[in-house]
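Chain residues, written in single-letter form:
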Amino acid sequence: MPEFMKNALLAVLVISPLFGLLSTMVVQSDLSFFSDALGHSAFTGIAIGVLCRLASPMWAAAALALILAGLFTWVKGRTRLHSDTVIGVFSSTAVALGIFFATLGGGSFAKFNSYLIGDILSVEPAMIALLAAVLLAVALLWLSSFNPILLSSVHPALAASRGVRVGAQEWLFTSAVALAVTLSMTWVGLLVINSLLVLPAAGARNMASNVRQYHLLSVLNALAAGLAGLLASYYLGASTGACITLVLALFFVFSFVGRRHG
Amino acid sequence: MSENLHKHSGEGCKGACCLRVTDLGVSAEGRTILQGIDLHIHCGQIVALIGPNGAGKSTLFKAILGQQPHTGSIQFERSGGKRTRPLVGYVPQSPAFDQGEPVSVLDLFVAAISRWPVFLPIPKALRAKVEECLGRVHGEGLIDQRLGSLSGGELQRVLLALALEPLPHVLILDEPFSGVDVEGELRLLRLLDELRRTFDLSVLLSTHDFSNLGDYADKVVLMKETVLKVGTAQEVMDSPEFAQVFHLRLERG
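Residues numbered from 1 in each chain as written. Chains lettered and ligands numbered in written order. Predicted model: local features only at pLDDT ≥ 70, side-chain atom pairs only at ≥ 80, totals over all residues.

## Observations concerning the overall build of chain A
Note the threshold: Every helix listed is a DSSP run of H or I at least four residues long, and every strand listed is a run of E at least two residues long, numbered separately from the N terminus. Taken over C-alpha atoms, the radius of gyration is set against a globule rule of 2.2 Å times the number of residues to the power 0.38. Three exposure classes are used, all based on how many other C-beta atoms lie within 10 Å of a residue's own C-beta (placed from the backbone): buried at 20 or more, exposed at 12 or fewer, and partly exposed between those limits. Residue pairs are scored as contacts if the distance between their C-beta atoms, which are placed from the backbone, is within 7 Å.
In terms of helices and strands, chain A carries 11 helices and 0 strands. Moving toward the C terminus, one meets the helices and strands of chain A in the order α-α-α-α-α-α-α-α-α-α-α. A globule of 262 residues ought to have a C-alpha radius of gyration of about 18 Å, and chain A, at 18 Å, matches this closely. Considered along the principal axes of its C-alpha atoms, chain A spans approximately 50 × 40 × 30 Å. By the burial criterion, 54% of the 262 residues in chain A qualify as buried. For chain A, long-range pairs separated by at least 24 residues make up 75% of all intrachain contacts whose partners lie at least 6 apart in sequence.

Structural data, given as structure tokens:
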């Protein structure tokens, strides 16, 4: 096995459970569209980072995504607009800003293509370590704060009546998603990242009867699709992110056909 | 005996515990939502809060729950006269859950009453504890059901059981009869009656259904921004304040 494949394999083994975990609550909290918006804002962050000639524009993307996650939670808690609408406002503004900065002074859009498609085969050990740190952080967040995050998503008023600070929990979770999205974007690709945040849990939801099954199925789903997708892309010479997503989509179809309930 | 225990004698709560709301006011964005609210609910009493939409019932609930900044005071007075902040159990309006919601009744309880992460296998002792909680509302069999698969009445019982853990001083139910059929309403009322006797709870509920207020409510409170009338169901519904608030034409002569 060539060195780059070993690295890619390691990266998939880290990214898949990370997104499998986050996916459970992204879907549970109706944040599918939000994670999509985050992906777009990450692109804007990279455009800004490139404009400022940062050595790794990824950090500008992470910072911007964190700011947006905070702003989004703040606005959502203070408006009667449906969260879909609020996300739409943020998403379109972020995309426009990104294209504005990317093309400022007549620049070409082409240099950003690698971010859109992503290339997991180019991942380096230092980045895998960083992604592993993110996975560890999310695992710790899950151990310490999963209950209030779940309660807030199931019934905000009930959670609040039991002393949960719903806004703070939402902010914590959206920030975790923001970091995971921006840091893994370069390898997974912006176009595919949202599918990794939605499909594993969407499939698991068709089958699961409780939170434990939901998590197990979502993580296994992501892991199996990650490995199968990586192998498929290696032998077929197609984009890894696209292959992983297609395998996930296939899993969703199976779970939909064999679903246990509505 | 219980008559004596719950009898309201002047200012104090002699011999019984009570929830006392004094001169409560809430305003937001320069608008007055509640003002001069005085309420006095004895343990074991069921009090029905009525009033038109926008009368401030939900805001009052939020204030009692400690989620709404307010003026005035909300205190729980023990039989010895010691005053504390009340411990409140809250039963929200039954929400419609997504059919596919992968959250079971056990998951909801564990997330709400313990720090044990719900996504890990749940210890036997914790499961037994949840079964005990559900037993209070005769819902032991619901423990492994998904929230989305519960009927309206079952969901309400689950939320009620959750509100009783930890055992509160005051139980608040937000519109418990909306969307519930007559039979379901009677079943809930029987359960509330049983619970208030067993645990000596104060029960405060809001409702738009006046048909059998007199059968269960020890006291009815009519409010719109402030308390307009307090009394038995008959007293309140015969009052001019009631007619005015609900724009009823009084037949005269």
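## Points about the interface of chain A and chain B
Our working definition: For this scheme, ten residues count as nonpolar: Ala, Val, Leu, Ile, Met, Phe, Trp, Tyr, Cys and Pro. Four count as charged, namely Asp, Glu, Lys and Arg, and the remainder, Gly too, count as polar.
Contacts between the two partners involve 24 residues from chain A and, on the opposite side, 22 residues from chain B. Of all elements in the fold, only helix 6 (125–154), helix 7 (156–161) and helix 10 (211–236) of chain A reach the threshold of two or more residues within the side of chain A that touches chain B. The element contributing the most residues to the side of chain A that touches chain B is helix 6 of chain A, with 7 residues. Looking at the side of chain A that touches chain B, its residues break down into 12 nonpolar, 9 polar and 3 charged.

## Some thoughts on helix 2 (residues 57–65) of chain B
When you tally the buried positions in helix 2 of chain B, you get 8 out of 9 residues, the bulk of the element. For helix 2 of chain B, every residue scored as buried is listed here: B:Lys57, B:Thr59, B:Leu60, B:Phe61, B:Lys62, B:Ala63, B:Ile64 and B:Leu65.

## Section: helix 5 (residues 152–163) of chain B
Residues and elements named next belong to chain B. Where we set the bar: One fewer than the residue count of a helix, multiplied by 1.5 Å, yields its expected span.
With 12 residues, helix 5 extends 17 Å from end C-alpha to end C-alpha; this agrees with the ideal 16 Å at 1.5 Å per step. The element helix 5 is largely enclosed, with a buried count of 9 among its 12 residues. Three or more residues of helix 5 are buried, namely Leu 155, Gln 156, Arg 157, Val 158, Leu 159, Leu 160, Ala 161, Leu 162 and Ala 163. Lining the buried residues of helix 5 we find strand 6 (88–91), helix 3 (105–113), helix 4 (124–135), strand 7 (170–173) and helix 6 (182–199).

## Description of the nonpolar core
Rules: Each nonpolar core consists of buried Ala, Val, Leu, Ile, Met, Phe, Trp, Tyr and Cys residues. Their C-beta atoms, within 7 Å, join them into a set. Either an automatic procedure or a domain database provided the assignment from which the domain bounds are taken.
Grouped together as the largest cluster of nonpolar side chains are 161 residues, with contacts concentrated most on A:Ala11, A:Leu18, A:Leu22, A:Ala65 and B:Ile172. At 12 residues, helix 1 (residues 3–28) of chain A tops the list of elements feeding residues into this core. Viewed by domain, this core spans two of them, domain 1 (2–93 + 168–245) and domain 2 (98–149) of chain B, each represented by three or more residues. Beyond its immediate chain neighbours, meaning those up to four positions away, A:Leu22 contacts A:Val138, A:Ala176, A:Val177, A:Ala180 and A:Leu197.

## Remarks on the domain arrangement of chain B
Domain boundaries assigned for chain B yield domain 1 (2–93 + 168–245) and domain 2 (98–149). Using C-alpha coordinates to define each centre, domain 1 of chain B is positioned 29 Å away from domain 2 of chain B.

## Comments concerning the sheet that holds strand 2 (residues 31–42) of chain B
Residues and elements named next belong to chain B. Operational definition: The rule for pairing is simple: two strands pair if DSSP sees at least two bridges between them. An axis is simply a line fitted to the C-alpha atoms; with a helix, the fit covers only the stretch in contact. Between two such axes, the angle follows the N-to-C directions and lies from 0 to 180 degrees.
If you trace the 4 strands from one edge of the open sheet to the other, you get 2-1-4-5, paired in antiparallel fashion. The strands lining the two open edges of the sheet, one partner per strand, are strand 2 and strand 5 (83–84). Where strand 1 (residues 18–28) and strand 4 (residues 71–77) come together, 6 bridges link them in antiparallel fashion. Residue pairing across strands places Arg 20 opposite Gln 75, the latter belonging to strand 4. Along the sheet face, helix 2 touches strand 1, strand 2 and strand 4 and points at about 65° away from the line of strand 2.

## Re the pairing of strand 4 of chain B
Residues and elements named next belong to chain B. In the sheet, strand 4 pairs with strand 5 via 2 bridges, with the strands oriented antiparallel. Counted as the bridge partner of Glu 77 is Arg 83 from strand 5. Between strand 4 and the antiparallel strand that follows it, strand 5, lie 5 residues; Gly 81 among them carries a positive phi value of about 100°.

## Observations concerning the pairing of strand 6 of chain B
All names here are of chain B. Side chains Val 88 and Tyr 90 project from strand 6 onto one buried face, and the interleaved Gly 89 and Val 91 project onto a second face that is buried too. As defined by bridge partners, strand 6 adjoins strand 7 across 4 bridges and the pair is classed as parallel. Bridge assignment links Tyr 90 to a residue of strand 7, and that residue is Ile 172.

## Observations concerning the confidence of the model for chain A
For clarity, the threshold we go by: pLDDT is a per-residue confidence score from the predictor, ranging from 0 to 100.
The share of residues in chain A with pLDDT of 70 or more is 98%, and the mean pLDDT across the chain is 87. Highest mean pLDDT in chain A belongs to helix 10 of chain A (95); lowest belongs to helix 5 (residues 113–117) of chain A (71).

## A word on the sheet that holds strand 7 of chain B
Residue and element names in this part refer to chain B. Spatial strand order, 6-7-8-3-9-10: 6 strands in an open sheet with mixed pairing. Two strands lie at the open edges of the sheet, namely strand 6 and strand 10 (226–231), each paired on one side alone. Taken over all neighbouring pairs, the strand axes of this sheet differ in orientation by 20° on average, direction set aside. Where strand 3 (residues 46–50) lies against strand 8 (residues 202–206), 4 bridges are found, and the strand directions are parallel. Across the sheet, Val 47 pairs through a bridge with Leu 204, a residue of strand 8.

## So, the confidence of the model for chain B
All names here are of chain B. Here chain B averages 87 in pLDDT, while 92% of its residues score no lower than 70. Predicted confidence for residues 1–11 stays below pLDDT 50, and this span has 10 contacts to residues more than four positions away or in other chains. Reported confidence for the predicted complex is 0.87 by ipTM and 0.86 by pTM.

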